[in-house]
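# Examination of the molecular architecture
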Amino acid sequence: MEMTGFDFTATDWDEVPVERHPGETGVALWRTRTFGTVRVRRVDYTPGYVADHWCRKGHVLFVLDGELVTTLDDGRVVTTGAGSSYQVADDREAHRSSAPAGARLLIVD
């Protein structure tokens, strides 16, 4: 990831418009900012959220609140709680997210 072409920017995430992305169950609420080629999102998963797709995009993901359950295409299941993160490169392990009790994330990709 190269981070070029933008100046210092502070973000009040509560001021960023919300995009609704329905899951298989529940909803992902995205607040997205783009800086050059870098996308930064605060994402809120409602309780019971299960993604409706397998993702192959690379991310640096940090759990701000709640707990995220990530299923990998090889069958592993990884639980990431508040204050923890995961990192995965583009086109590596496909992953699918769920948040049984809800979660708030910061994702950079």
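Right, let's walk through the structure included here.

Criteria and cut-off values
- Residues numbered from 1 in each chain as written.
- Predicted model: local features only at pLDDT ≥ 70, side-chain atom pairs only at ≥ 80, totals over all residues.
- Heavy atoms only, no water.
- Salt bridge = Lys/Arg side-chain N within 4 Å of Asp/Glu carboxyl O.
- Helix = DSSP H or I, 4+ residues; strand = E, 2+ residues; numbered from the N terminus.
- Buried < 20%, exposed > 50% of the residue type's maximum accessible area, 1.4 Å probe, protein only.
- Phe/Tyr/Trp six-rings, centres within 6.5 Å; stacked < 30°, edge-to-face > 60°.
- Lys NZ or Arg CZ within 6 Å of the ring centre and 35° of its normal.
- Pairing = 2+ DSSP bridges.

On inspection of all chains with the given rule, the structure shows 10 salt bridges. A salt bridge links R56 to D73, with the nearest nitrogen and oxygen atoms 3.8 Å apart. Residue R56 is located in the loop between β4 (49–50) and β5 (59–72), and its partner D73 is located in the loop between β5 and β6 (77–81); the two are separated by 17 residues in the primary sequence. Residue R56 is classed as partly exposed on the basis of its relative accessible area, which comes to 39%. The residue K57 makes a salt bridge to D90 at a minimum N-O spacing of 3.3 Å. Taken together, the positions of K57 in the loop between β4 and β5 and D90 in the loop between β7 (85–88) and β8 (95–99) put the pair 33 residues apart, joining distant regions of the chain. You can call D90 partly exposed: its relative accessible area is 43%. One salt-bridge network, held together by shared partners, links D14, R42, D44 and R104.

As a further point, take the packing of aromatic side chains. Geometry of an aromatic ring pair is reported as the spacing of the ring centres plus the angle between the planes. Evaluated as defined, the whole model comprises 2 aromatic pairs. Aromatic side chains F6 and F35 sit 5.4 Å apart centroid to centroid with 45° between the ring planes, which places their arrangement in the tilted category. Pair noted here: F6 is in the segment before β1 (19–22) and F35 is in strand β2 (residues 27–35), with a separation of 29 residues, a long-range link. The positively charged end of R41 is found above the aromatic ring belonging to W30, 4.3 Å away from the centroid.

Our focus in this paragraph is the pairing of β6. Summarising the sheet, β5 and β6 pair through 5 bridges and their orientation is antiparallel. Each residue of the ladder has a partner; that of T70, found in β6, is V78.

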